[in-house]
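# Observations on the three-dimensional arrangement
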Amino acid sequence: MTGTPVLDIVTSRLTLRHLPLAVMEERAASDFDGSGWLYELRAGQLREDPGFPPWSLRDVILTGTGETIGHGGFHEAPVEGVAEIGYRIHTAWQGRGFATEVTEAMMAFGRAHGATAFLLSISPDNAASLAIAAKLGFTRIGEQMDEVDGLEWVFASGDRIAPWST
């Protein structure tokens, strides 16, 4: 996807807008929304990989008002067709199906660009995200310790669930 312009991903209620490197760097420096580490991580990926922008972090923008209600994206470009999705919806906007909508939109984007399977890493205490995984047909395939988030259960959806391990 090198050289391909990064287009918005649009759903009926949301626009997922790619964040350019300058915005990532600004947010990393200011620890924007307490997620400075995430913006720095994704900025580094943008600097290192010219093909990463379509897979990088996006603001989740509410159609109609233009308000940013969260962010979502992939942890990296797909590896052997597998892409991990991450998202965060701001507290005031939770419980309205936006995270499900973001996940579905990212999966559709991924499929259209060569991904055939998806991962979600979810804290065992995050009932809302666990419900999203179940609703979208993800299967728990293992668990891992994340240095930032602690224990996470790993879920997979797609064509290669069985052989995966974490």
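See above for the structure.
Residues numbered from 1 in each chain as written. Predicted model: local features only at pLDDT ≥ 70, side-chain atom pairs only at ≥ 80, totals over all residues. Heavy atoms only, no water.

### Overview of the pattern of salt bridges
The full count for this structure, using the stated rule, is seven salt bridges. For Arg 13, the salt bridge is made with Glu 101, and the minimal N-O distance between the two is 2.6 Å. One end of the pair, Arg 13, is in the loop between strand S1 (9-10) and strand S2 (14-18); the other, Glu 101, is in helix H3 (residues 98-112), and 88 residues separate them in sequence. On the basis of relative accessible area, Arg 13 is assigned to the partly exposed category, the value being 31%. Given the relative accessible area of 12%, Glu 101 is considered buried. Glu 40 is the salt-bridge partner of Arg 47, the closest N and O atoms lying 3.5 Å from each other. Three or more residues are tied together by salt bridges with common partners; here these are Glu 25, Glu 40 and Arg 47. (Salt bridge = Lys/Arg side-chain N within 4 Å of Asp/Glu carboxyl O. Helix = DSSP H or I, 4+ residues; strand = E, 2+ residues; numbered from the N terminus. Buried < 20%, exposed > 50% of the residue type's maximum accessible area, 1.4 Å probe, protein only.)

### Focus on a nonpolar patch on the surface
Together, Trp 37, Leu 41 and Val 148 give the surface a local cluster of nonpolar side chains, amounting to about 290 Å² of exposed area. Examined against the element boundaries, Val 148 turns out to sit in the loop between strand S7 (139-146) and strand S8 (150-158). The exposure class assigned to Val 148 is partly exposed, which follows from its relative accessible area of 47%. (Patch = residues over 30% accessible without salt bridge, like charges linked within 9 Å, V, L, I, M, F, W, Y side chains within 5 Å. Areas by Shrake-Rupley, 256 points an atom, 1.4 Å probe, with all protein chains shown as cover.)

### Here's the deal with the pairing of strand S5 (residues 82-89)
Of all eight residues making up S5, six are buried, and the element is well covered by its neighbours. With respect to chirality, the unit in which S5 leads through H3 into the neighbouring parallel strand S6 (residues 117-122) is right-handed. (Right-handed = clockwise from strand over helix to strand, strands pointing away.)

### Notes on unusual backbone geometry
Most of the time, phi is negative for any residue but glycine, and the peptide bond is trans. The phi dihedral of Asp 33 falls on the positive side, at around 55 degrees, and the residue is not glycine. By secondary structure assignment, the location of Asp 33 is in the loop between helix H1 (21-30) and helix H2 (36-48). Residue class for Asp 33 comes out partly exposed when judged on its relative accessible area of 34%. A positive phi angle, close to 50 degrees, is found at Glu 80, a residue other than glycine. Tracing the backbone through its elements, the reader meets Glu 80 in the loop between strand S4 (68-74) and S5.

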